[in-house]
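Take a look at the letters that make up each chain.
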Amino acid sequence: AGWPMKLWWAQLTLNFLWSPVFFSAHRIDLALVVILLLLFIILGFIVTSWRQDRMAAWLFAPYAVWVAFATLLNVSIFSLN
């Protein structure tokens, strides 16, 4: 399967982890770490899958933008608290 699929599973796991950490556990600091890792892994997926499957890489671009925006929101909430 290679690196793209490992990164895909990692982003899926982190995506599912962020909401309970942020909303249920109210751990804004830990959620920030999770979402930063998520964003890094999404970008890594785009880079590593580019040669093998450009469509998959392009389809992850809006996801990366959305997670970058959510990261900025997480940073803002963390800095205000």
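Everything below is about the structure printed above this text.
Presented here is an overview of the structure given in this document. (Residues numbered from 1 in each chain as written. Predicted model: local features only at pLDDT ≥ 70, side-chain atom pairs only at ≥ 80, totals over all residues. Heavy atoms only, no water.)

1. Quick look at the overall build of the chain
Link 1 in the chain: Scanning the chain for helices and strands turns up three helices and zero strands.
Link 2 in the chain: Listed N to C, the secondary structure of the chain is α-α-α in terms of helices and strands.
Link 3 in the chain: Oriented by its inertia axes, the alpha-carbon framework of the chain measures out at about 45 × 20 × 15 Å.
Link 4 in the chain: Burial statistics for the chain: of 81 residues in total, 35% are counted as buried. (Helix = DSSP H or I, 4+ residues; strand = E, 2+ residues; numbered from the N terminus. Buried < 20%, exposed > 50% of the residue type's maximum accessible area, 1.4 Å probe, protein only.)

2. Structural notes on the packing of helix H2 (residues 28-49) against helix H3 (residues 54-80)
Any two packed helices are characterised by the angle at which their axes cross and by the distance between the axes.
Link 1 in the chain: Between H2 and H3, the least distance of the axes is 9 Å, while the angle of their chain directions is 160 degrees. By the angle between their directions, the pair H2 and H3 is classed as roughly antiparallel. Note that H2 runs across H3; the crossing there is left-handed. (Axes fitted to C-alpha atoms, helices over the stretch in contact; angles between N-to-C directions. Parallel < 35°, antiparallel > 145°, perpendicular 65-115°, else oblique. Left-handed = near helix turned anticlockwise from the far one by under 90°.)

3. Considering the nonpolar core
Burial of nonpolar side chains together is a common tendency in soluble globular proteins.
Link 1 in the chain: In terms of nonpolar packing, the biggest core is built from 23 residues, with Ile35, Leu38, Ile42 and Val67 touching the most fellow members.
Link 2 in the chain: When residues of this core are traced back to their parent elements, those giving at least two are helix H1 (2-24), H2 and H3.
Link 3 in the chain: Ranked by residues supplied to this core, first place goes to H2 with eleven residues.
Link 4 in the chain: When residues no more than four places from it in sequence are discounted, the contact partners of Ile42 are Gln11, Phe60, Tyr63, Ala64 and Val67. (Core = buried A, V, L, I, M, F, W, Y, C linked by side-chain atoms within 4.5 Å. Contact = heavy atoms within 4.5 Å.)

4. Section: the packing of H1 against H3
Link 1 in the chain: Close contact between H1 and H3 brings their axes to 13 Å; oriented N to C, the two are set at 30 degrees. When the interaxial angle is binned, H1 and H3 end up roughly parallel. The element H1 and its partner H3 pack so that their crossing is left-handed. Along its contact with H1, which presents Trp8, Gln11, Asn15, Trp18 and Phe22, the element H3 presents Phe60, Tyr63, Asn74 and Ile77.

5. Digging into the environment of Leu43
Link 1 in the chain: Mapping Leu43 onto the fold places it in helix H2.
Link 2 in the chain: Judged by relative accessible area, Leu43 falls into the partly exposed class, the value being 44%.
Link 3 in the chain: Measuring from C-alpha to C-alpha, the distance between Leu43 and Gln11 comes to 10.0 Å, with 32 residues separating the pair along the chain.

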